[in-house]
Amino acid sequence: QVQLVESGGGLVQPGGSLNLSCAASGSIFSINAMGWFRQAPGEQRELVANIPSGGGTNYADSVKGRFTISRDNAKNTVYLQMNSLRPADTAVYYCNAHVIQKNGAWVYYWGQGTQVTVSS
């Protein structure tokens, strides 16, 4: 079993910044892609950004140039630096990881979610 623990959410004013982190622990052999999704009230969950193990990054058009995803493979941790935040960024942010477990199984895991609220 694998656990993803997120931290770093909170309340911030428009134009402000937040840095989210997500640490994976448990029966991990390696991790393929890691990413961040978000879900606003009444909306579907959407991809914000992801980062494969081999490098490269992908971003939703709405966050390009403002958000930066990165990962520390030694710590099994993914980060999301969010700058120039807007009220439209308000949502619950979820971490996602495609884990290769020690038993050989490939499993997608989700974090519990962290609230990000952008408001004056």
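It should be noted that the structure appears before, not after, this text.
Residues numbered from 1 in each chain as written. Predicted model: local features only at pLDDT ≥ 70, side-chain atom pairs only at ≥ 80, totals over all residues. Heavy atoms only, no water.

(A) Representation of the environment of asparagine 58 in the model. Relative to the elements of secondary structure, asparagine 58 occurs in strand S6 (residues 58-59). Sequence-wise, asparagine 58 and valine 116 are 58 residues apart; in three dimensions their C-alpha atoms are separated by 21 Å. Setting aside its immediate chain neighbours within four residues, asparagine 58 contacts Val48, Ala49 and Asn50. (Helix = DSSP H or I, 4+ residues; strand = E, 2+ residues; numbered from the N terminus. Contact = heavy atoms within 4.5 Å.)

(B) Representation of the packing of aromatic side chains within the structure. On inspection of all chains with the given rule, the structure shows one aromatic pair. Plain terms: the ring middles of phenylalanine 37 and tryptophan 110 are 5.0 Å apart, the flat faces sit at 65° to each other, and that makes the pair edge-to-face. Placement of the pair is phenylalanine 37 in strand S4 (residues 28-39) and tryptophan 110 in strand S10 (residues 106-110), with a sequence separation of 73 residues. Given a relative accessible area of 39%, tryptophan 110 falls into the partly exposed group. The ring centre of tyrosine 94 lies 3.7 Å from the NZ or CZ of arginine 45, which sits over that ring. Its end group placed over the ring of tryptophan 110, arginine 45 keeps NZ or CZ at 4.7 Å from the ring centre. (Phe/Tyr/Trp six-rings, centres within 6.5 Å; stacked < 30°, edge-to-face > 60°. Buried < 20%, exposed > 50% of the residue type's maximum accessible area, 1.4 Å probe, protein only. Lys NZ or Arg CZ within 6 Å of the ring centre and 35° of its normal.)

(C) Representation of the nonpolar core in the model. Membership of the largest hydrophobic core comes to 30 residues, with the highest contact counts inside it found for Trp36, Leu80, Met82 and Tyr93. Contributions of two or more residues to this core are made by strand S1 (2-7), strand S3 (18-26), S4, strand S5 (46-51), strand S7 (67-72), strand S8 (77-82), strand S9 (91-101) and strand S11 (114-118). Looking at this core, the element that brings in the most residues is S9, giving five residues. Discounting residues that sit within four places of it in the chain, tyrosine 93 has contacts with Glu6, Leu20, Trp36, Phe37, Arg38, Val48, Phe67, Leu80, Met82, Gly113, Thr114 and Val116. (Core = buried A, V, L, I, M, F, W, Y, C linked by side-chain atoms within 4.5 Å.)

The values are spatial; any link to function lies outside them.
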